[in-house]
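Okay, here's what each chain looks like letter by letter:
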Amino acid sequence: METNTETTATTGLTAEQHKQKMQRRQEVQSQRIANSSKEKGLIIVNTGNGKGKTTAALGMVVRSLGHGYRVAIVQFIKGAWEPAEKAVFQMWEKQLEFHAMGEGFTWDTQDRDRDIETAQKAWEKSLTFICNPEFKLVLLDEVNIALKLGYLQVEQVLSGLDQKPEETHIILTGRGAPAALIERADLVTEMTLVKHPFREQGIKAQPGIEY
């Protein structure tokens, strides 16, 4: 049994020193929480080359649905829900608006003018949700890809974000988020690619992991 004078294996602190350190940390965290009492709708960006941008956003979607909020999702690139995701979200069909506006990646469509037209239509649909105070959360899935490829203009998106109600949260996903959007956002997460089974081992997309 460890005594107050014995040091821990990981920190080199005595038990009493560790206790005092954690008490100070608790005080700091409590003060931060006390000073952060206000609420506001956030602009959230999930970007980077790593996997998990949309998956993380869908976690927030589930939380919002669990609170009884209305949620809208617009997909800019992908053309449709995978069956497993669609089956789960059907449970909240009265709270959730979902629109798969994309037609696949640019190498699939091979028609830039058509891709631009599709992205513009998706943005127009997105604005109907962004400006509607009934929706607590709006997910713009892969919109950063549309920006990166020039299908949408960043000024166009920033102007739309300025129209959102104060309490509405907006999530924008996709690699290559432009600097101006990152600057405008309240919360930015960059997914870093360290290893990927498709690249390193030639393992295909699998149910429960990618879809």
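The structure under discussion appears in the preceding block.
Residues numbered from 1 in each chain as written. Predicted model: local features only at pLDDT ≥ 70, side-chain atom pairs only at ≥ 80, totals over all residues. Heavy atoms only, no water.

(A) Local environment of the overall build of the protein. When helices and strands are tallied, the protein shows nine helices and six strands. Split into buried and exposed, the 211 residues of the protein put 35% on the buried side. Put simply, of all contacts in the protein between residues at least 6 apart along the chain, 76% involve residues at least 24 apart. About 13,100 Å² of surface is accessible on the protein, with carbon and sulfur atoms providing 50% of the total. (Helix = DSSP H or I, 4+ residues; strand = E, 2+ residues; numbered from the N terminus. Buried < 20%, exposed > 50% of the residue type's maximum accessible area, 1.4 Å probe, protein only. Contact = heavy atoms within 4.5 Å. Areas by Shrake-Rupley, 256 points an atom, 1.4 Å probe, with all protein chains shown as cover.)

(B) Structural context of the pairing of strand β4 (residues 135–141). Where burial is concerned, most of β4 is hidden: seven out of the seven residues are buried. The sheet contact formed by strand β2 (residues 70–75) and β4 spans six bridges and is parallel. The residue of β4 that forms the bridge with glutamine 75 is aspartate 141. As paired elements, β4 and strand β5 (residues 169–173) share four bridges and run parallel to each other. Bridge pairing in β5 places valine 138 opposite isoleucine 170. (Pairing = 2+ DSSP bridges.)

(C) How the structure looks around the nonpolar core. Grouped together as the largest cluster of nonpolar side chains are 29 residues, with contacts concentrated most on Phe76, Leu140, Leu152 and Leu172. Among the elements that take part in this core, helix α5 (residues 112–130) stands out by supplying five residues, more than any other. Of all hydrophobic cores here, the second largest spans 13 residues; its members include Ile44, Phe89, Trp92 and Leu137. (Core = buried A, V, L, I, M, F, W, Y, C linked by side-chain atoms within 4.5 Å.)

(D) Quick look at helix α7 (residues 154–161). Within α7, the full set of buried residues consists of Val154, Val157, Leu158, Gly160 and Leu161. Across the axial projection of α7, the buried residues extend over an arc of 160°, all falling on one side. (Arc of directions from axis to C-beta.)

(E) Expanded view of the environment of valine 88. Tracing the sequence through the fold places valine 88 in helix α3 (residues 83–89). Residues valine 88 and valine 62 lie 26 residues apart in sequence; the distance between their C-alpha atoms is 9.9 Å.

(F) Looking closely at the pattern of salt bridges. One pass over the structure, following the stated rule, counts four salt bridges. One salt bridge in this structure joins glutamate 134 and arginine 70, with 2.8 Å as the shortest N-O distance. One end of the pair, glutamate 134, is in the loop between α5 and β4; the other, arginine 70, is in strand β2, with 64 residues separating them in the sequence. The partner of glutamate 117 in a salt bridge is lysine 121, with the nearest N and O atoms 3.4 Å apart. Linking glutamate 117 with lysine 121, this pair stays in helix α5, spanning four residues, or about one helical turn. Accessibility expressed as a relative area gives 45% for glutamate 117, which makes it partly exposed. Residue lysine 121 is classed as partly exposed on the basis of its relative accessible area, which comes to 45%. (Salt bridge = Lys/Arg side-chain N within 4 Å of Asp/Glu carboxyl O.)

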